[in-house]
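Descriptive analysis of the structure
This is what each chain is made of:
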There are 2 protein chains.
Amino acid sequence: MDSFSVSGHIVDVLNRTIYDGTVIVEGNKISEIRKEEVPSYAPYIMPGFTDSHIHIESTLLTPEHYAALAVSKGVVAVVSDPHEIANVTGLEGVNFMIENGKKVHFHFYFGASPCVPCTGFETAGAKLDSKDIGELLKRDEIYGVAEFMNAFGVINGDKECMAKLDAARKAGKPVDGHAPGLTGSALARYAAHGISSDHECANLEEGKERIANGMLVQIRQGSAAEDYDTLAPLLADNRGKVMFCSDDKYPNELLEGYLDQMVAQSVEKGYPMWNVLEAACVTPVQHYKLKHGLLRKGDNADFILVDNLHDFNVLESWIDGAKVFAGGKIVEKNFVKDPTPTTVFPNKFAAQKIKVEDLRVPCTGSRLKVITARDLSLRTGVEFVTPKVEDGCVVSDVENDVLKIVVYNRYEKAKPQVAFIKGFQLKCGAMGSTISHDSHNIVAIGATDQDIVNVINILIEYKGGLLIADGMSVSGLALPVAGLMSPLDGEVVAKKYAALRLMAQSQGCPFNAPFMTMAFMSLPVIPELKITDKGLFDVNKFAFTDLME
Amino acid sequence: MDSFSVSGHIVDVLNRTIYDGTVIVEGNKISEIRKEEVPSYAPYIMPGFTDSHIHIESTLLTPEHYAALAVSKGVVAVVSDPHEIANVTGLEGVNFMIENGKKVHFHFYFGASPCVPCTGFETAGAKLDSKDIGELLKRDEIYGVAEFMNAFGVINGDKECMAKLDAARKAGKPVDGHAPGLTGSALARYAAHGISSDHECANLEEGKERIANGMLVQIRQGSAAEDYDTLAPLLADNRGKVMFCSDDKYPNELLEGYLDQMVAQSVEKGYPMWNVLEAACVTPVQHYKLKHGLLRKGDNADFILVDNLHDFNVLESWIDGAKVFAGGKIVEKNFVKDPTPTTVFPNKFAAQKIKVEDLRVPCTGSRLKVITARDLSLRTGVEFVTPKVEDGCVVSDVENDVLKIVVYNRYEKAKPQVAFIKGFQLKCGAMGSTISHDSHNIVAIGATDQDIVNVINILIEYKGGLLIADGMSVSGLALPVAGLMSPLDGEVVAKKYAALRLMAQSQGCPFNAPFMTMAFMSLPVIPELKITDKGLFDVNKFAFTDLME
């Protein structure tokens, strides 16, 4: 059995103390931690970070490549909801994520996604019913039930929802929440069903109310939703009730900073260090009953070395007793278990190409109901504008930033749904994607119908991807893994995605993550006005609504 | 007549002194400069910068859009050689540049390009003979003869070369040089023909030798050729013999820093400030007999305001008596003379699509002669490698970074020429461009023949552009203006180009300016080994050479 020892200042987060010593690793376990003097310049040895909630699919990377980026930032474990791929290809997709993750040394904990599809107001590629959830929960790789988005269903005692919650209770596994805007007695009822976390708190009060209801709050720093500044004050108190998460984050942003950055930022802001480290390392392990190590004798040997407790620059990451990251690089021979390249990917794509005529919107009123999108938020607003009409049809009004948005069923023959949106500010061309939460139909926004048609038709040829084009330029990234992920390395995808973002900026879009913000315009469980493949949707009324009045 | 006054610390570069005062502008002239006290925090008023040598085409921008970027960096005038567009469309292209430049307030001085085509070893789209040069030199818009690249022709007394030099003498206009590597008696003979500048000095000794021969040296900071560190020491002395230039520079790099940056850097390095400002503002005006103002009473009112004499942050730029840039923005109403958009562009494109078979290179020897490219240099080297052979043909050897490079005549029916190159390190896919100095045929480099074919055929559909693609991504920018320039705004093109560069990096290319370095691989007047549309070319022997031995 291989044996290693690592000396340094040992950061014992469980006991909130630091002492000098040597960690002895035998096989994949810590056999001993010996107290002994080390030089002052020695590194700090601490438990690795756990991202308490992510959809790995949103990194555009497969699990194996996501993990390589994660360990470079000191993240050794992730609680992941595979509901993006589940919405496209069902259990086949979930199995793909689990199996692909097994190719490397990293701790993946996947959830059974209870809202596939998210609602009945859209068409997904697959369905997971309570029986599927029950079966999944029997598996060791499944930590529990992932985000329960159908809050209405839970509160109203919907039968299928109740069956899924029952299955979790029987399995003795936790259920994650997803309750944007829910407060008061509705929230209390939601929590009373055993739903024990939420990563959708829009303000501090919502966070406090969830904790008062016995739930844990996840401070999210994603690409299209940054809640850190709002929720960080919870770190001042609330031991064991706060965790960090990314939810949806692009690979270029993961490379810029992940939980390492959230921890350093929190300590710099003056929040108690032990609270911060508890949130980043310990609370997810305790809450979700995770199996990786927390730097105790007998634990699985998972830990990281950092330069100091201010910058938290990650020098080394150890997983399963092996040094998987060091010197700024992945240690391939330790990190990779199975080097065979994955070449067969699950996917589902039946959409047929469209024509300009398919996007016509006859003008039937004097006021147009417009979705208003804003940067770094998944929530939208509603605005009424005077429509711009040409030949009796409503068209994109570039000058006033009222652009056509199209959602087009990718799973079966259907008519594209058309609405209008403010915020994206494209001056020309169109952008499109086969990532559109959570059903992942085709979504596109553009300055002209012809541009939208071009983009959608190329995405159909790709059978999945991101694309932005105007008459003068084009930039595209194919996503052959379920139309959601690239099979390429993280750094490569990060650069390609950054290129697409620059192209979007060159066409006028001011958003930090234009494609991700666009992808959430079809998610009918986050207020206020959204569009699915079946039509314009009023989230507050939980019903379809008219485009014009 | 409009009248304005601007107060500040007046930087009188001609007299090497600074005094407080107010500049009175009447119409487009400085009617008076009044000495009077100004607050210490007032800005510094100084002559604008002149870029002493650029090919505007290399910015990917048309003159009007180039000028907008330039004035934001304090550049008010440019000495430009339009030989890129002249090689594609001849006098029609030169006229396009002149006329397009007249749409804005900026001082363009264009040269008569004496080497169109650059040599007889390649196919260009047009030819300018000594009669054309003579006619051009009669025009006010033409400052003189632009870079005389055919040094061999000059030294050997080639008849056409002599006729062009005669025309300059008769017109009383200067002739620019271009003499990479030329030394000793050859250089002396070149200079004796009245060639009075060089921007191709590879080291300090070459610079000093040119000055000793009565020539001026241009310190170049381009995207693919950075000579600043090498040549800046000339600023310590050599009054009136040194100028700054960019030669070939991409719009994103112009935005990062232009002559403003070279000046600030030089002052920071401790070179005498007056020498530096003389090189940036005065020497080009005196050498080329330019007509814009140098901040004297009666001069054309061209000047800039900077925050201090360390950072040289440009606060305002004034041209022809109008404030054309202020507050970080172009003042459109002052800057633009003619707001009609240019919609008809000169171009020349007759190439037919190619097939994989067209790129086959039968293996005929045991050693392959390979071009070696390096970052930030236009010069190449030669290396011999063992060819990688498949089915009797030499193919790209990605593992050893020996990639196929193709140059394909865009003006007439021809066979693509194929050679091999080291340095670009593409791991997959291919990149291609219709910018390839100086004949601007199609050039492409790729990991497989199929990738190269795809890229070339798309560029043919575009009728000009930059493109990079692999099986998983694509990024392209159309260049409808002669296959060299985009008609879009500078900031837009800068973003789009930066996106393409990121894509090239994602495929493995480590160069600062991959497309520009590639574009110089076909320039047969810069050593050592190049490839034109007619074949592999040994610049030292000035003759075609064999690919294998």
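Residues numbered from 1 in each chain as written. Chains lettered and ligands numbered in written order. Predicted model: local features only at pLDDT ≥ 70, side-chain atom pairs only at ≥ 80, totals over all residues. Heavy atoms only, no water.

Some points on the packing of helix α10 (residues 259-268) of chain A against helix α11 (residues 273-288) of chain A
Residue and element names in this part refer to chain A. α11 packs onto α10 with a crossing angle of 165° between their chain directions and a minimal axis gap of 9 Å. What the angle tells us is that α10 and α11 run roughly antiparallel. Helix-helix and strand crossings are classified by hand; for α10 and α11 the assignment is right-handed. Across from Leu259, Val263, Ser266 and Val267 in α10, the residues of α11 making contact are Met273, Val276, Leu277 and Ala280. (Axes fitted to C-alpha atoms, helices over the stretch in contact; angles between N-to-C directions. Helix = DSSP H or I, 4+ residues; strand = E, 2+ residues; numbered from the N terminus. Parallel < 35°, antiparallel > 145°, perpendicular 65-115°, else oblique. Left-handed = near helix turned anticlockwise from the far one by under 90°. Contact = heavy atoms within 4.5 Å.)

Structural notes on the relation of the copies chain B and chain A
The relation between the two chain copies is a rotation about an axis coupled with a shift along that axis. The operation relating chain B to chain A is a screw motion whose rotation component is 180°, with 0.0 Å of axial translation and a residual RMSD of 0.0 Å. Such a combination of rotation and displacement between the chain copies is what one expects of a two-fold axis. Most of the interface of chain B is mirrored in chain A: 100% of its interface residues are interface residues there too. (Least-squares fit on C-alpha atoms with pLDDT ≥ 70 in both.)

Overview of the sheet that holds strand β7 (residues 107-112) of chain B
All names here are of chain B. Overall, parallel pairing links the 5 strands, which are arranged β5-β6-β7-β8-β9 in an open sheet. Across the chains shown, the open sheet's two edge strands, defined by having one partner strand only, are β5 (49-54) and β9 (175-177). Put simply, the sheet's adjacent strands are angled 25° from each other on average, direction ignored. The sheet strands contacting helix α3 (residues 130-137) are β7 and β8 (142-148), and the helix crosses β8 at an angle near 145°. Across the sheet, helix α10 (residues 259-268) touches β5 and β6 (75-80), and the angle it forms with β5 is around 110°. (Pairing = 2+ DSSP bridges.)

Comments concerning the packing of α3 of chain B against helix α5 (residues 159-171) of chain B
Helices that pack against each other are described as a pair by the angle of their axes relative to one another and the distance between those axes. Residues and elements named next belong to chain B. Contact geometry of α3 with α5 gives a least axis separation of 9 Å together with a crossing angle of 15°. With respect to α5, the element α3 is oriented roughly parallel. In this structure, α3 meets α5 at a crossing whose hand is right-handed. Here Ser130, Ile133, Gly134 and Leu137 of α3 lie close against α5, whose contacting residues are Glu160, Ala163, Lys164, Ala167, Ala168 and Ala171.

Section: the pairing of strand β11 (residues 216-220) of chain A
All names here are of chain A. Counting buried positions over the 5 residues of β11 gives 5, a clear majority of the element. Of the two faces of β11, the one carrying Leu216, Gln218 and Arg220 and the one carrying Val217 and Ile219 are both buried. Across 2 bridges, the pairing between strand β10 (residues 197-198) and β11 is parallel. Looking across to β11, one finds that aspartate 198 is bridged to valine 217. Considered for its hand, the β-α-β crossover made up of β10, helix α7 (residues 204-212) and β11 is right-handed. Pairing of β11 with strand β12 (residues 242-245) involves 4 bridges; the strand directions are parallel. Note on β12: the bridge partner recorded for glutamine 218 is methionine 243. (Buried < 20%, exposed > 50% of the residue type's maximum accessible area, 1.4 Å probe, protein only. Right-handed = clockwise from strand over helix to strand, strands pointing away.)

No statement about biological role is implied by the geometric values presented.
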